[in-house]
Amino acid sequence: MLKIAIIIGSTRPGRKGDAVGKWAYDIARKRNDAEFELVDIADFNLPLLDEPVPPMFGQYSHDHTRAWSAKISSFDGYVFVTPEYNHGTSAALKNAIDFLYHEWNNKAAGFIAYGGAMGVRAVENLRLVMAEMQVATVRAQVGLSLFTDFENFTVFKPAETQQKNVTGMLDQVIAWSGALKPLRNK
Ligand SMILES: Cc1cc2nc3c(=O)[nH]c(=O)nc-3n(C[C@H](O)[C@H](O)[C@H](O)COP(=O)(O)O)c2cc1C
């Protein structure tokens, strides 16, 4: 069975990312064509990248890197739940991505973003980063608006159509994660 991680990409106290991640996970876990796990980068307490050797060489000197590496390498694909900070993704998520390299390779990813403009610029930012990580990003994406999917810009109350958008994005992530399997087995 394919294993897909839903990665919560913000760590800020009072963040909206955990509510969005749990909502996506509750939709995903009802499927029977893949297994899903909610992965919160906050649980890994990653400092700003502190490995002396570039991640591409896989020579990790810290336990926090080894724990993060073991978690990320166990998946066939990813769904990144990302806020938009200053027209990009969060520094915390970019840092967590930068910590590793081969663990991400030859897998697929989809995005759930949120912000004043539905997080579209954060997703465009992540698509460039994913290309360097050799991750295939799917077209379907979920954009949540602070104006219409959050009550008073605060409490997460997604519009009904958003569930369908999550399903469409997951369909593509699962299909591509499976299709890339021969490359991962080389
Ligand atoms: C540092 C910072 C920068 C932000 N920049 C943007 C932005 O460029 N565009 C946007 O639509 N929203 C922006 N916002 C609003 C965030 O998308 C919104 O606060 C969101 O809830 C942040 O995600 P989080 O709650 O999971 O941390 C910004 C918020 C912060 C804290």
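Just above, that's the structure.
Read on for a plain summary of the structure.

The rules behind each value
- Residues numbered from 1 in each chain as written.
- Predicted model: local features only at pLDDT ≥ 70, side-chain atom pairs only at ≥ 80, totals over all residues.
- Heavy atoms only, no water.
- Phe/Tyr/Trp six-rings, centres within 6.5 Å; stacked < 30°, edge-to-face > 60°.
- Helix = DSSP H or I, 4+ residues; strand = E, 2+ residues; numbered from the N terminus.
- Buried < 20%, exposed > 50% of the residue type's maximum accessible area, 1.4 Å probe, protein only.
- Lys NZ or Arg CZ within 6 Å of the ring centre and 35° of its normal.
- Contact = heavy atoms within 4.5 Å.
- Near = heavy atom within 4 Å.
- Polar contact = N/O pair within 3.5 Å; in protein donor to acceptor, adjacent residues only side chain to side chain.
- Areas by Shrake-Rupley, 256 points an atom, 1.4 Å probe, with all protein chains shown as cover.
- Nonpolar A, V, L, I, M, F, W, Y, C, P; charged D, E, K, R; others polar.

Attention now moves to the packing of aromatic side chains. For the structure on display, the rule yields eleven aromatic pairs. Geometrically, the ring pair formed by Tyr78 and Trp104 is edge-to-face, given 4.9 Å between the ring centres and 70 degrees between the ring planes. Here Trp104 lies in the loop between helix H3 (91-98) and strand S4 (107-115) and Tyr78 lies in strand S3 (residues 77-83), a separation of 26 residues in the sequence. We note that Tyr78, like Trp104, is buried. On the basis of an interplanar angle of 40 degrees and a centroid distance of 5.0 Å, the ring pair of Phe150 and Phe156 is categorised as tilted. By relative accessible area, Phe150 is classed as buried at 4%. Taken together through their ring pairs, the aromatic side chains of Phe44, Trp68, Phe75, Tyr78, Phe80, Trp104 and Phe111 make up a single cluster. Between Lys16 and the ring centre of Phe150, over which it is positioned, the NZ or CZ distance is 5.9 Å.

A separate point is H3. Burial in H3 covers these residues: Leu93, Asn95, Ala96 and Ile97. Looking at the buried residues of H3, the elements they touch are strand S1 (3-8), helix H2 (63-73), S3 and helix H4 (120-132).

A few words now on the site of the ligand. In the vicinity of the ligand lie 16 residues, with Ser10, Arg12, Lys16, Tyr85 and Tyr114 positioned nearest. One nitrogen or oxygen atom from the side chain of Tyr85 is found 2.5 Å from an oxygen atom belonging to the ligand. In this structure, an oxygen atom belonging to the ligand sits 2.6 Å away from a side-chain N or O atom of Tyr114. Burial of the ligand by the protein amounts to 75% of the accessible area it has alone, namely 610 Å². Taken together, the residues of the shell around the ligand sort by class into five nonpolar, six polar and five charged.

As far as function goes, none of this settles anything; it's purely spatial.
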